[in-house]
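Each chain is listed here by its residues.
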Amino acid sequence: MSKTNQKIVPHLWYDKEAKEAAEFYASIFPDSKITNVTTIHDTPSGDSDIVTFELWGQKFMAISAGPYFKLNPSVSFIVNFDPSREKDASEKITEVWNKLTEGGTALMPFGEYPFSKKFGWIQDKYGLSWQLMLTNPEGEERPAIVPSLLFVGDKCGRAEEAIQFYLSVFKNAQQGLMVRYPKGMEPDKEGTIMFSDFMLESQWFSAMDSAHEHKFSFNEALSFMVYCDTQEEIDHYWEKLSAVPEAEQCGWLKDKYGISWQIVPSAMDEMMSKSTPEQRARVTKAFLGMKKFDLEKLQEAYKG
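Residues numbered from 1 in each chain as written. Predicted model: local features only at pLDDT ≥ 70, side-chain atom pairs only at ≥ 80, totals over all residues. Heavy atoms only, no water.

J.: Quick rundown of the overall build of the protein? Include the residues and the values.
T.: A tally of helices and strands in the protein yields 7 helices and 15 strands. A globule of 304 residues ought to have a C-alpha radius of gyration of about 19 Å, and the protein, at 19 Å, matches this closely. Counting only C-alpha atoms and orienting by the principal axes, one finds that the protein spans roughly 60 × 35 × 35 Å. Buried residues in the protein amount to 54% of all 304 residues. Long-range pairs, those at least 24 residues apart, make up 64% of the contacts in the protein between residues at least 6 apart in sequence. Positive and negative side-chain charges in the protein, numbering 33 and 45 respectively, have mean positions lying 1 Å apart. (Helix = DSSP H or I, 4+ residues; strand = E, 2+ residues; numbered from the N terminus. Rg over C-alpha atoms; globule rule 2.2 N^0.38 Å. Buried < 20%, exposed > 50% of the residue type's maximum accessible area, 1.4 Å probe, protein only. Contact = heavy atoms within 4.5 Å. Lys, Arg positive; Asp, Glu negative; His and termini not counted. Charge placed at Lys NZ, Arg CZ, Asp CG, Glu CD.)

Take a look at the structure:
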């Protein structure tokens, strides 16, 4: 089930390993492949590889753009191994866990938990975090891969507010599960979010609060690209989401919770991957000078 029309695409930032990491993930997960590798030149980080790939039907993008941002567990990916979908889900989850642990760090050891017969949370050798879960087939069906947001530090306790905010900004959005911390789970405060999920533009997300001490918070290493067909749409997301003026750059913005988004024209993929080196250089030069993307100016640069 290839979501070619996927509107929101997780974007991973690496120093130099984007291609290597994408190849590693594509070799581990079912129905996975690298769909494109493009190198752009003369960026502030020199030559950058841009890699698009699919893992289990979920589109991703990665870039090698220097050591500026490091992935951390504030955003992880829940991987649902659903026995009602995969006949060998239980064997497959163990196999994937074993591959991801090579050179990685277990954040929650692989084993049985009250919410799942097999679960483990791992930060892999490239810094990306995964929550592998053997799903209860009785539950509501969710996609195989779901980005999960962890609200910690000064953002802890704001997961519910953030979900309501995103549901108001994006179309085709809905609230899913909402499980709150009960009394007696200190330091987590009763009523804050232990687990929730929600859908924006047909893309499922999960969110939770954690009052434990974490040495990380949301950063630019993991952002979400929102593909827009019109300038009007670009303007809408930019106006609603952008909350940190100094973070606005090349289509990137940061929202009031510290999460980074890239508001990009749908045509951008084609401009970068199906172009001549000259066209690509012109488009790159044009977008490096922009904060919010100007679709018309990008198209002019593309056509030259």
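This is not the end of the story, as more comes after the structure.
J.: Describe the sheet that holds strand 13 (residues 222-228), naming the residues involved and giving the relevant values.
T.: The strand order across the open sheet built from 7 strands is 2-3-4-1-13-15-14, with neighbouring strands paired in mixed fashion. Whereas interior strands pair on both sides, the edge strands pair on one side only; in this sheet they are strand 2 (33-43) and strand 14 (252-254). This sheet shows a mean twist of 25 degrees between the axes of neighbouring strands, independent of strand direction. Note that strand 14 and strand 15 (residues 260-265) share 3 bridges and pair antiparallel. Bridging across to strand 15, leucine 253 finds its partner in tryptophan 261. (Pairing = 2+ DSSP bridges. Axes fitted to C-alpha atoms, helices over the stretch in contact; angles between N-to-C directions.)

J.: Please provide a residue-by-residue account of the nonpolar core, values included.
T.: If you look at the biggest cluster of nonpolar residues, it comprises 85 residues, and the most contacted ones within it are Tyr25, Trp130, Tyr166 and Trp261. Non-local contacts of tyrosine 166, meaning those with residues more than four positions away in its chain, are made with Leu149, Phe198, Leu200, Leu241, Asp255, Tyr257, Ile259 and Trp261. Counting 13 residues, the second-largest nonpolar core is a separate cluster that includes Trp121, Tyr181, Met208 and Phe216. (Core = buried A, V, L, I, M, F, W, Y, C linked by side-chain atoms within 4.5 Å.)

J.: Any details on the sheet that holds strand 9 (residues 145-151)? Residues and values, ideally.
T.: With respect to topology, 8 strands assemble into an open sheet ordered 6-7-8-5-9-12-11-10, the strand pairing being mixed. The open sheet has two free edges, formed respectively by strand 6 (105-113) and strand 10 (174-180), since each of these has just one partner strand. Neighbour-to-neighbour, the strand axes of this sheet turn through a mean angle of 20 degrees, independent of strand direction. The pairing of strand 10 with strand 11 (residues 193-200) spans 5 bridges and is antiparallel. For valine 179, the partnering residue across the bridge sits in strand 11 and is phenylalanine 195. Its contacts with the sheet place helix 3 (residues 159-169) against strand 9, strand 10, strand 11 and strand 12 (203-209), and it is angled at close to 5 degrees to strand 11.

J.: Before we move on, could you go through the pattern of salt bridges and cite the residues and values that matter?
T.: This structure, assessed with the given rule, holds 18 salt bridges. The closest approach of N and O atoms between arginine 85 and glutamate 141, which form a salt bridge, is 3.0 Å. One end of the pair, arginine 85, is in the loop between strand 5 (75-81) and helix 2 (89-101); the other, glutamate 141, is in the loop between strand 8 (129-134) and strand 9, and 56 residues separate them in sequence. Taking the relative accessible area as the measure of exposure, glutamate 141 reaches 55% and is therefore exposed. Measuring nitrogen to oxygen at the nearest pair gives 2.8 Å for the salt bridge that ties arginine 180 to glutamate 160. Of the two residues, arginine 180 is situated in strand 10 and glutamate 160 in helix 3; the sequence distance between them amounts to 20 residues. In this structure, a network of salt bridges that share partners links the residues Glu86, Asp88 and Lys92. (Salt bridge = Lys/Arg side-chain N within 4 Å of Asp/Glu carboxyl O.)

J.: Which residues make up unusual backbone geometry, and what are the values?
T.: Here the amide bond leading from glutamate 186 into proline 187 is cis, since omega sits at 5 degrees, within 30 degrees of zero. Mapped onto the secondary structure, proline 187 falls in the loop between strand 10 and strand 11. Phi at tryptophan 56 is positive, roughly 50 degrees, even though this residue is not glycine. Within the chain, serine 202 stands out as a residue other than glycine whose phi angle is a positive 65 degrees. With respect to the helices and strands, serine 202 occurs in the loop between strand 11 and strand 12. A relative accessible area of 43% means that serine 202 is categorised as partly exposed.

J.: Explain helix 1 (residues 18-28) to me, using residue names and the numbers behind them.
T.: Residues lying three or four places apart along an α-helix face the same way, a consequence of the helix completing one turn every 3.6 residues. Buried within helix 1 are the following residues: Ala18, Ala21, Ala22, Phe24, Tyr25, Ala26 and Ile28. In the core, the buried residues of helix 1 are packed alongside strand 1 (8-14), strand 2, strand 3 (46-55), strand 4 (58-64), helix 2 and strand 8.

J.: An account of the environment of glutamate 91 is requested, with residue identities and associated values reported.
T.: Within the secondary structure, glutamate 91 sits in helix 2. For glutamate 91 and leucine 134, which are 43 residues apart along the polypeptide, the C-alpha to C-alpha distance reads 10.0 Å.

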